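Report on the structure
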Amino acid sequence: MLQLLCPRLMVNSLLEIDITLLRQQGIDGIVLDLDNTILPWDSAEICPEAAIWLHRALDSGLKAGLVSNNRQRRVAEFASQFAIPFAARAFKPASRGFQQVIAEMNLTPDQIAVVGDQLFTDILGGNRLGCWTIWVKPLSAREFIGTKVTRQLEKLAVRVLQSKKMI
Ligand SMILES: [Mg+2]
């Protein structure tokens, strides 16, 4: 169980993810979380740097998709800006949304890096499928009330992982 909560990589933001390194690791696609990974939770505005990063990733030949627990409209609007596949209301860490998007990208889980700000949804969901996982710091301290509860669990999990030198 603990192993499933361990990200392969930890970064402060999307912008720190080295696209060349991903390609060297055999990664052909990235599956991104939306809220607090690409967009602050309470905002519809992608920061220009993140947009540039995503365009650069797509230009490098990486495929991209979105898997979000948020509502259809918000996720679809964002996905359409980049013409990438998405799953909304995905109930992460459930596998179905990830599987659907990875299939639409014509890739398999071992070719995918899942990028997200939550251990118990993004990282756990990605690891269960055998994807690479990248944990980013949340963009905003504001978040859904339910997330605030799981953040407490997450803090606990991080302390355990650190004590076991797993992260
Ligand atoms: Mg998130």
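- An unreviewed UniProt entry lists the chain under the name HAD family hydrolase, with Anaerosporomusa subterranea as the source organism.

Some thoughts on the coordination of the magnesium ion
- Coordination sphere of the magnesium ion, protein contribution only: D33 (OD), D35 (O) and D117 (OD), at 2.0 to 2.2 Å.
- On the primary sequence, the residues serving as donors to the magnesium ion are separated as D-x1-D-x81-D.

Looking at the layout of surface pockets
- A volume near 410 Å³ is recorded for the largest pocket.
- In terms of lining, the largest pocket is formed by 18 residues, of which the most central are N69, N70, Q118, F144 and T147.
- When its residues are assigned to classes, the lining of the largest pocket shows two nonpolar, nine polar and seven charged.
- In this model, the second largest pocket occupies a volume close to 170 Å³.

Focus: unusual backbone geometry
- The residue after K92, namely P93, is reached through a cis peptide bond having omega 15°.
- One can find P93 in the loop between β4 (86-87) and α4 (95-104).
- Backbone geometry at F91 places phi at a positive 55°, although glycine is not the residue there.
- Within the secondary structure, F91 is located in the loop between β4 and α4.
- Even without a glycine there, the phi angle at N106 is positive, about 60°.

Rules behind the numbers
Residues numbered from 1 in each chain as written. Predicted model: local features only at pLDDT ≥ 70, side-chain atom pairs only at ≥ 80, totals over all residues. Heavy atoms only, no water. Donors = N, O, S within 2.8 Å, 3.2 Å for Na, K, Ca; no water. 1 Å grid on protein atoms, 1.4 Å probe; cavity = no way out; pocket = protein on both sides within 12 Å on 5 of 7 lines; lining within 4 Å. Points joined across faces, edges and corners; volume = space filled by probe spheres on them. Nonpolar A, V, L, I, M, F, W, Y, C, P; charged D, E, K, R; others polar. Helix = DSSP H or I, 4+ residues; strand = E, 2+ residues; numbered from the N terminus.

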